[in-house]
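Coordinate inspection notes
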Amino acid sequence: MSFWDYIVWPFARLLEILYNWSHSYGVAIILFALVVNLILAPFMAKSKKSMMRTTRLQPQLKELEKKYRDDQQKYQLEMMKLYKENGVSPMSGCLWSLIPFPILIALYGVIREPLTRMMGLAKDSVEAITKWATENAGFVATKQGTYDEIGVVDAIHQNWDAAVNALGTFGDKLLNLDYSFLGMNLGVVPEWKIWTFDFSNSETLLPALGLFFIPIIAAFLSWASMKISQATNPQQPSQAAMSMNAMNIFMPIMSVWICFIMPAALGIYWIANSIFGILRDVILTKVYKRRLDIEDAERIAAQKAKEEKMRLRHEIGRAHVRTPVTY
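Residues numbered from 1 in each chain as written. Predicted model: local features only at pLDDT ≥ 70, side-chain atom pairs only at ≥ 80, totals over all residues. Heavy atoms only, no water.

Quick word on the side chain of aspartate 148
Structurally, the position occupied by aspartate 148 is in helix H9 (residues 148–158). Although aspartate 148 lies buried, it forms no salt bridge, and the closest oppositely charged side chain, arginine 112, sits 9.3 Å away as judged by the N-O distance. Those residues in contact with aspartate 148 that lie beyond four places of it in its chain are Phe139, Ala141 and Thr142. (Helix = DSSP H or I, 4+ residues; strand = E, 2+ residues; numbered from the N terminus. Buried < 20%, exposed > 50% of the residue type's maximum accessible area, 1.4 Å probe, protein only. Lys, Arg positive; Asp, Glu negative; His and termini not counted. Salt bridge = Lys/Arg side-chain N within 4 Å of Asp/Glu carboxyl O. Contact = heavy atoms within 4.5 Å.)

So this is what it looks like as structure tokens:
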């Protein structure tokens, strides 16, 4: 096994377990997104807290910027000191937010190669099964061959009894995967050329329209999740705001492109992941807003107490200087 195989293996086993439990490929994908979000929740919570703390430090950072505008080295030192005192790591929010992308790539590998990944079949076994599906189940290989394993698995599902009788030598490894979900085949790539749809045939039109709207919904939720995240993190610095505005444009466009060139199952994952991400973001914002409000109130109270103590010392010192000494 290659290094990449070791990375993909746990995702393949998780999807296999969820499918065997739910008996629905679409539900398994949604549950996969839920499990991933639950596992990443502690890391995302840490990232969210760090981002909210960084946002609250913006007034103090602006004061430092004005104070040390002619000494950038001193400004950097004071800024890092402020971050350290408040337990903030500026890069932690960005780093943890990148974790979902490797997961998306790994899931794509599992979806693209169900025979190799989910069923754990060797290359010669995949070739033997593909040959049988071509000769007996109506499977036709594509020129690129990118998603041929999905086509083979779908053909086997349509001819399951015959496949079991003919391919019984593969034992329990052969999995009866049903790609249908809400009338759609999640193993196919959505067609974006809507003008080519047969609007006179509702049996083919409705599934085609459903697949067409998956990338659109994925793009909208991608945009919505970032807008909600921005709304719950106000007072962003100008540079960060510019970066977020760029991401608001880039991410939805990327999601549309990805979901129109890959199997619809990946689009379902993208949608589910965005929904769970929005819920997580709203909940964490409420939780950490209360906690940070308490921390800020305690910090302000401690600062005021410190200033009052210094003021009293100063007054006592002045009174001592003014009192005449008698002998």
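Quick notes on the packing of helix H3 (residues 58–67) against helix H4 (residues 72–85)
It is the contact of H3 with H4, at a shortest axis distance of 10 Å, that shows an interaxial angle of 160°. Considering the angle they form, H3 stands roughly antiparallel to H4. Where H3 crosses over H4, the handedness of that crossing is right-handed. Here Gln60, Leu61, Leu64 and Glu65 of H3 come into contact with H4, specifically with Tyr75, Glu78, Met79, Leu82 and Tyr83. Tallied by class, the residues present in the contact of H3 with H4 amount to six nonpolar, one polar and two charged. (Axes fitted to C-alpha atoms, helices over the stretch in contact; angles between N-to-C directions. Parallel < 35°, antiparallel > 145°, perpendicular 65-115°, else oblique. Left-handed = near helix turned anticlockwise from the far one by under 90°. Nonpolar A, V, L, I, M, F, W, Y, C, P; charged D, E, K, R; others polar.)

A few points about the nonpolar core
Residues Leu15, Tyr25, Phe32, Ile129, Leu177 and Tyr269 are the most contacted members of the largest nonpolar core, which totals 68 residues. If we ignore the near neighbours within four places in the chain, the residues touching tyrosine 25 are Leu15, Tyr19, Ile111, Met118, Leu177, Asp178, Tyr179, Leu186 and Ala265. Counting eight residues, the second largest nonpolar core, distinct from the first, contains Leu64, Tyr68, Met79 and Leu82. (Core = buried A, V, L, I, M, F, W, Y, C linked by side-chain atoms within 4.5 Å.)

Focus on the environment of glycine 138
Mapped onto the elements of the fold, glycine 138 is located in the loop between helix H8 (123–136) and H9. Exposure remark for glycine 138: the relative accessible area of 61% places this residue in the exposed category. Residues glycine 138 and glutamine 158, 20 residues apart in the sequence, show an inter-C-alpha distance of 9.8 Å.

Details of the environment of glutamine 76
Relative to the helices and strands, glutamine 76 resides in helix H4. Between the C-alpha atoms of glutamine 76 and glutamate 65, which are eleven residues apart in sequence, the distance is 9.2 Å.

Function-wise, these values are silent; they only describe arrangement.
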